[in-house]
Amino acid sequence: MDILNALVAFLNFVFFPALAYGAQLSLGALGVTLIYGILRFSNFAHGDTMAFGTMATILVTWLFQAVGIGLGPLPTALLALPFGIAATALLLLFTDRAVYRFYRVQKAKPVILVIVSMGVMFVMNGVVRFIIGVNDINFSDGQRFIISARDFREMTGLDEGLAIRTTSLITLVTAAIAVALLFWFLNKTRTGKSMRAFSDNEDLALLSGINPERVVAVTWIIVAALATTAGVLYGLDKSFKAFTYFQLLLPIFAAAIVGGLGSPLGAIAGGFVIAFSEVTITYAWKKVLGYVLPEPLEPDGLVQLLSTDYKFAVSFAILIVVLLFRPTGLFRGQSV
Amino acid sequence: MTDTNRNILYFALMAVLIVGTGMTQGWNVALTLLNMGVISAILAIGVNLQWGFAGLFNIGVMGFVALGGLGAVLVSMPPTEGAWSAGGFRIVGALILGAATIVAAVIAQRRMAKGRARTLATLAILIVGFFVFRAVFDPGVEAVEAINPAGTGYLGGMNLPVLIAWPVGGLLAAGAAWVIGKTALGLRSDYLAIATLGIAEIVIAVLKNEDWLSRGVKNVIGIPRPVPYEIDLQQDPGFVDRATGLGLDPVTASTIYVKFAYLILFVIVLLIVLWLAQRALNSPWGRMMRAIRDNETAAEAMGKDVKGRHLQIFILGSAICGVAGAMMTTLDSQLTPTSYQPLRFTFLVWVMVIVGGSGNNFGAVLGGLLIWWLWVMVEPIGLGLMELITAGMPDGSALKDHLIASAAQMRLLTMGLILLLVLRFSPRGLIPEK
């Protein structure tokens, strides 16, 4: 019984939260890695792109809620998500036209583009704060749990409850659909293939008649979809706050680099590596160990390796280890 | 118009802006603004050293500034009575143990033959070391934090004059820069950026969490000043006489006097840093740095130690940021870890460097002063603009309230636009590199 209790506690507090967080990070990292692969720079505005997409979705959600359109047990935000994606895609295409294209034509050094993306980050951050403010916004509605901890306890007779939150399940399902669509697109469609060709060898791709502007535009649209989805899922799971999204930049970049910049598969793996390490290292293991270990060995303290505020330190440490021992990342990305 | 004349004109215009602020909004406001502007200028010189001279992309300025602030606490605050005997030595011992673990792991990596045995040995050293470290560290922390948690609950400092803290803050930042530079320099420029971004967040997390060191979110207040207190001046009959002799109210006179004293100290530091940076720029060393920046491969072929020089300039630039951080904390007389925001302490400094002109020290100074002035002034200007726009709207309308309330958020937008416009239309900045 104790082993089962420990397992349930582990699933409830470590496994499922990390799984959901990992899916959110993976989606974010996919966006970063795509931009890196096609446009060849690290986009520092990505966190704020996510914030913008989420904000647009929240605004549409509020509109739907006011009119009374909903999805029953599912959050209304899912219905609003396509509108959020559309708004973000428009914004990114506009940014590309107004800002990035100039430097692309000039063939500016990647680091210049990084600085430019810093400027874009400022502007997007300002726009988001200007429109929706700086406060915490909780926009999740519908049913909160699929199985609440109490129901689970009553069903199984265990001491520990396993709460399956609607948002976690939605995160996993949506992320799976998004990733499946992305890989289908990249591997099966003509546009997707031309994108991969462009990423592998720009000159050769240009020679074979691929239109670079089209590839870039499609990339931005996909990035908008990924970033908005990642942002909305994260916001549903936790809450929306402009500053938090900016801070997500570090774990997202860590995920993309750990996986190998430019490698979509790597971004997904990296997202889960970062999420699981963050959660396992900052979780207080007292409860789980209390069930597993015999009485005299039971720990007195919280058995928390690091306090939760050090979660950045965890992504950072993994990042440094990967950079030192395998700079191209787990999946052999493009960077040297 | 020659370059020199143009530069003098720019600085004269800057002076007009400050004086104008003083005439319209009072000298107290202008001096507060100028004090922070001078510190910003020093920060900008530090970042310019890294970016403008060497092309190193450091976006962890905030971390080095915060370390400088910690330096001010560690040097100037009085030590907490009994804290050292209760757990201070234990904590220091634990930190030495932690450092020894890392050194042991590095040695194992270097000495042992490559293979599974080496990986396992390194991991074992790190894991055992971590738990030993925590076992020694935690009781010490608990003991220190238990001492009067509402008032102290930390180790305190060395009770030395706060001016000593400025170089010490620089040393702390330099130490952190050495660690980060050793690992991340020599990789792609983006990686250095991510690494510095990460270290900055970690430094802030440490300041927020390690109460024994910095009191965490309880803040350290009342850091001693290098200048007199207003209240003492107001009670000093000699000062009051002089103030009234100048036709000033003693309260106003005392605040202006204090700010002016700070300003003199800051300007002295600025001049020293500027002089050193100028000397460095025009020395063979500076020319070598720029040669490395412009073509690393060629410089390496000429026998220059690119990685070593990068590490050197990275440490120097970060140390300058640390000095500026210590000055900032001294000016505020308090260390509030929650007030360190990357947009304000890292990215704004980058706007200063780019707008001023990367690669030019005077450009960095001008950028620091100008962008800080704008950063402060955008808020009232934005509010005025919003009031103008919404003037026609009915009172109490939701849109009007929202627009006026959001005016405070105009800053980031404006800074981003300025950065983008300068990068696009004048990428060399106001005072370009010669």
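Please read all numbers here as calculations on a predicted model, not as lab measurements.

Participant: Account for the overall build of chain A, naming residues and giving values.
Facilitator: In terms of helices and strands, chain A carries 14 helices and two strands. In terms of C-alpha radius of gyration, chain A reaches 21 Å, essentially the compact-globule figure of 20 Å for 336 residues. With 336 residues in all, chain A has 55% of them scored as buried. Long-range contacts, defined here as pairs at least 24 residues apart, represent 73% of the contacts in chain A between residues at least 6 apart.

Participant: Quick one: what's the story with the packing of helix H1 (residues 3-25) of chain B against helix H2 (residues 27-53) of chain B, residue by residue and with numbers?
Facilitator: All names here are of chain B. Taken N-terminus to C-terminus, the directions of H1 and H2 make an angle of 145°; their axes are 6 Å apart at the nearest point. When H1 is examined against H2, the residues Ile18, Val19, Thr21, Gly22, Met23 and Gln25 are found in contact with a partner set consisting of Trp27, Val29, Ala30, Leu33 and Leu34. Taken together, the residues of the contact of H1 with H2 break down into eight nonpolar, three polar and no charged.

Participant: I'd like a description of helix H3 (residues 77-106) of chain A, backed by residues and values.
Facilitator: Between its first and last C-alpha, H3(A) extends 40 Å over 30 residues, near the 44 Å set by a 1.5 Å rise per residue. If you look at H3(A), its biggest bend is around 55°, right at Tyr100(A). Buried within H3(A) we find Ala77(A), Ala80(A), Leu81(A), Gly84(A), Thr88(A), Ala89(A), Leu92(A), Thr95(A), Asp96(A), Val99(A), Tyr100(A) and Tyr103(A). Taken together, the buried residues of H3(A) touch helix H2 (46-67), helix H4 (110-132) and helix H9 (212-237) of chain A together with helix H18 (410-425) of chain B. Lys107(A), located one to two residues past H3(A), shows a positive phi value of around 55°.

Participant: Break down unusual backbone geometry for me, citing the residues and quoting the values.
Facilitator: A positive phi angle is found at Arg40(A), which is not glycine, with a value near 65°. Owing to a relative accessible area of 28%, Arg40(A) belongs among the partly exposed residues under this scheme. Backbone geometry places Ser333(B), a non-glycine residue, at a positive phi of 60°. Tracing the chain through its elements places Ser333(B) in the loop between helix H14 (306-332) and strand E2 (334-335).

Participant: Summarise the packing of aromatic side chains; cite the residues concerned and give the values.
Facilitator: Inspection of the entire model under this criterion finds 29 aromatic pairs over all chains. Residues Phe15(A) and Phe16(A) carry aromatic rings whose centres are separated by 5.7 Å and whose planes lie at 70° to one another, so their mutual orientation is edge-to-face. Judged by its relative accessible area of 26%, Phe16(A) falls in the partly exposed class. Geometrically, the ring pair formed by Tyr283(A) and Trp285(A) is edge-to-face, given 5.2 Å between the ring centres and 80° between the ring planes. Neither residue differs from the other here; Tyr283(A) and Trp285(A) are each classed as buried. Of the aromatic side chains, those joined through ring pairs into one cluster are Phe10(A), Phe13(A), Phe15(A), Phe16(A), Phe276(A), Tyr283(A) and Trp285(A). Between the NZ or CZ atom of Lys311(A) and the centre of the ring of Phe312(A), over which it lies, the distance is 5.9 Å. One Lys or Arg, Arg344(B), reaches over the ring of Phe345(B) and ends 4.3 Å from the middle of that ring.

Participant: Explain the environment of Phe11(B) to me, using residue names and the numbers behind them.
Facilitator: Residue placement: Phe11(B) occurs in helix H1. Counting along the chain gives 369 residues from Phe11(B) to Pro380(B), while the straight-line C-alpha distance between them is 23 Å.

Participant: Break down the pattern of salt bridges for me, citing the residues and quoting the values.
Facilitator: Scanning the model with the defined rule gives twelve salt bridges over all chains in all. Of the charged contacts in the structure, one is a salt bridge between Arg165(A) and Asp237(A), with a shortest N-O distance of 3.8 Å. Of the two residues, Arg165(A) is situated in strand E2 (residues 164-165) and Asp237(A) in helix H9; the sequence distance between them amounts to 72 residues. What makes Arg165(A) partly exposed here is its relative accessible area of 29%. Residue Asp237(A) is classed as buried on the basis of its relative accessible area of 8%. Residues Arg293(B) and Asp294(B) are paired through a salt bridge, measuring 3.1 Å at the closest nitrogen-oxygen approach. Residue classification places Arg293(B) among the partly exposed residues on the basis of a relative accessible area of 22%. Here the salt bridges do not stand alone but share partners, grouping Asp96(A), Arg104(A) and Glu213(A) into one network.

Participant: Run through the interface of chain B and chain A, naming residues and quoting values.
Facilitator: Between chain B and chain A, the contact holds 49 residues from the first and 49 residues from the second. If you sort the residues of chain B by the area they bury against chain A, Tyr191(B), Ile194(B) and Arg424(B) come out on top, with a joint share of 15%. At the surface where chain B touches chain A, the tally comes to zero salt bridges. The tally of links from chain B across to chain A stands at eight residue pairs in polar contact (both at pLDDT 80 or more). Mapped onto the side of chain B that touches chain A, the elements with two or more residues apiece are helix H5 (116-145), helix H6 (162-184), helix H7 (189-209), helix H15 (342-356), helix H17 (398-406) and H18 of chain B. Sort the elements by how many residues they give to the side of chain B that touches chain A and H7(B) lands first, with 14 residues. Classifying every residue of the side of chain B that touches chain A by side-chain character gives 33 nonpolar, ten polar and six charged.

Participant: Tell me about the environment of Val179(A), and please be specific about residues and values.
Facilitator: Residue and element names in this part refer to chain A. Along the polypeptide, Val179 turns up in helix H6 (residues 166-188). The exposure class of Val179 is buried, given its relative accessible area of 18%. Beyond its immediate sequence surroundings of up to four residues, Val179 is in contact with Leu27, Leu30 and Ile268.

Participant: An account of the side chain of Asp96(A) is requested, with residue identities and associated values reported.
Facilitator: Residue and element names in this part refer to chain A. Its location among the elements puts Asp96 in helix H3. On the basis of relative accessibility, which here comes to 6%, the residue Asp96 falls in the buried class. A distance of 2.8 Å separates a polar atom in the side chain of Asp96 from a polar atom in the side chain of Trp220. Contacts of Asp96, omitting those with residues within four sequence positions, involve Arg101, Arg104, Val216 and Trp220.

Participant: So, a nonpolar patch on the surface: which residues are in play, and what are the values?
Facilitator: Residue and element names in this part refer to chain A. A cluster of nonpolar side chains, namely Ile146, Leu169, Val173, Ile177, Leu181 and Trp184, defines an oily patch on the protein surface of about 590 Å² accessible area. The element that contributes the greatest number of residues to the nonpolar patch is H6, accounting for five residues. Mapped onto the elements of the fold, Leu169 is located in helix H6. Its relative accessible area of 42% is what places Leu169 among the partly exposed residues.

Participant: Can you explain the side chain of Thr33(A)? Please cite residues and give values.
Facilitator: Residue and element names in this part refer to chain A. One can find Thr33 in helix H1 (residues 2-39). Classification of Thr33 by relative accessible area gives buried; the value is 1%. Leave out the neighbours within four places in its chain, and Thr33 touches Ala256, Gly260, Leu261, Gly262, Ser263, Pro264 and Ala267.

Participant: Please provide a residue-by-residue account of the domain arrangement of chain B, values included.
Facilitator: Accessible area lost on assembly of the parts is the figure often given for the size of an interface. Residues and elements named next belong to chain B. Per the domain assignment, the segments of chain B are domain 1 (3-79 + 156-425) and domain 2 (80-155). One C-alpha centre belongs to domain 1, the other to domain 2; they are set 33 Å apart. Taken residue by residue, the interface counts 13 residues in domain 1 and 15 residues in domain 2. Both faces combined, the contact of domain 1 with domain 2 buries some 1,000 Å², and carbon together with sulfur accounts for 55% of it. On the domain 1 side of the contact with domain 2, Gly156, Trp212 and Arg215 bury the most area, a combined 63% of that side's loss. In this assembly, domain 1 and domain 2 are joined by zero salt bridges. Taken together, the connections running from domain 1 to domain 2 amount to nine residue pairs in polar contact (both at pLDDT 80 or more). Top contributing element to the side of domain 1 that touches domain 2 by residue count: helix H8 (residues 211-214), with three residues. In the side of domain 1 that touches domain 2, the residues fall into seven nonpolar, two polar and four charged.

Calculation rules
- For every chain, the first residue of the written sequence is number 1, and numbering continues from 1 onward in sequence order.
- Written order determines the labels here, with chains lettered from A and ligands numbered from 1.
- Two thresholds apply to this predicted model, a pLDDT of at least 70 for residue-level local features and 80 or more for giving and counting side-chain atom pairs, whereas whole-chain, interface and lining totals are computed over all residues.
- For the side-chain quantities, the full set of heavy atoms in the structure was used; hydrogens and water were omitted.
- Helix and strand labels come from DSSP, where a helix needs a run of H or I of at least four residues and a strand needs a run of E of at least two; each type is numbered from the N terminus.
- The size measure is the radius of gyration over C-alpha atoms, and the globule rule it meets is 2.2 Å times the number of residues to the 0.38 power.
- Summary of the burial criterion: residues with accessible area below 20% of their type's maximum are buried, those above 50% are exposed, and those between are partly exposed, where the area comes from a 1.4 Å probe applied to protein chains only.
- Residue contacts are counted whenever heavy atoms from the two residues lie within 4.5 Å of one another.
- Here the axes come from fitting lines to C-alpha atoms, over the contacting stretch only for helices, and the angles between their N-to-C directions go from 0 to 180 degrees.
- Basically, the charged four are Asp, Glu, Lys and Arg, the nonpolar ten are Ala, Val, Leu, Ile, Met, Phe, Trp, Tyr, Cys and Pro, and anything else, Gly included, counts as polar.
- Take the residue count of a helix, subtract one, and multiply by 1.5 Å to get its expected span.
- By definition, a residue's bend is the angle between the axes fitted to the seven residues ending there and the seven starting there.
- In this analysis, rings of Phe, Tyr and Trp, with Trp reduced to its six-membered ring, are considered paired at centre separations within 6.5 Å, and the interplanar angle assigns stacked below 30 degrees, edge-to-face beyond 60, and tilted for intermediate values.
- A ring is considered to have a charge above it if a Lys NZ or an Arg CZ atom is located within 6 Å of its centre and within 35 degrees of its normal.
- Salt bridge criterion: a side-chain nitrogen from Lys or Arg within 4 Å of a carboxyl oxygen from Asp or Glu.
- Summed over both partners, the accessible area (1.4 Å probe) lost when two parts come together is defined as the buried area.
- Throughout this description, a polar contact denotes any pair of N or O atoms lying within 3.5 Å of each other; where both atoms belong to protein, one of them has to be capable of donating a hydrogen while the other can accept it, and for residues adjacent in sequence the pair is counted only when both atoms sit in side chains.
- For patch building, the residue pool is restricted to those with more than 30% relative accessible area and no salt bridge; the joining distance is 9 Å between like charges and 5 Å between nonpolar side chains (Val, Leu, Ile, Met, Phe, Trp, Tyr).
- Note on areas: Shrake-Rupley with a 1.4 Å probe; residue coverage comes only from the protein chains shown.
- Each domain's extent was defined by an automatic or database domain assignment.

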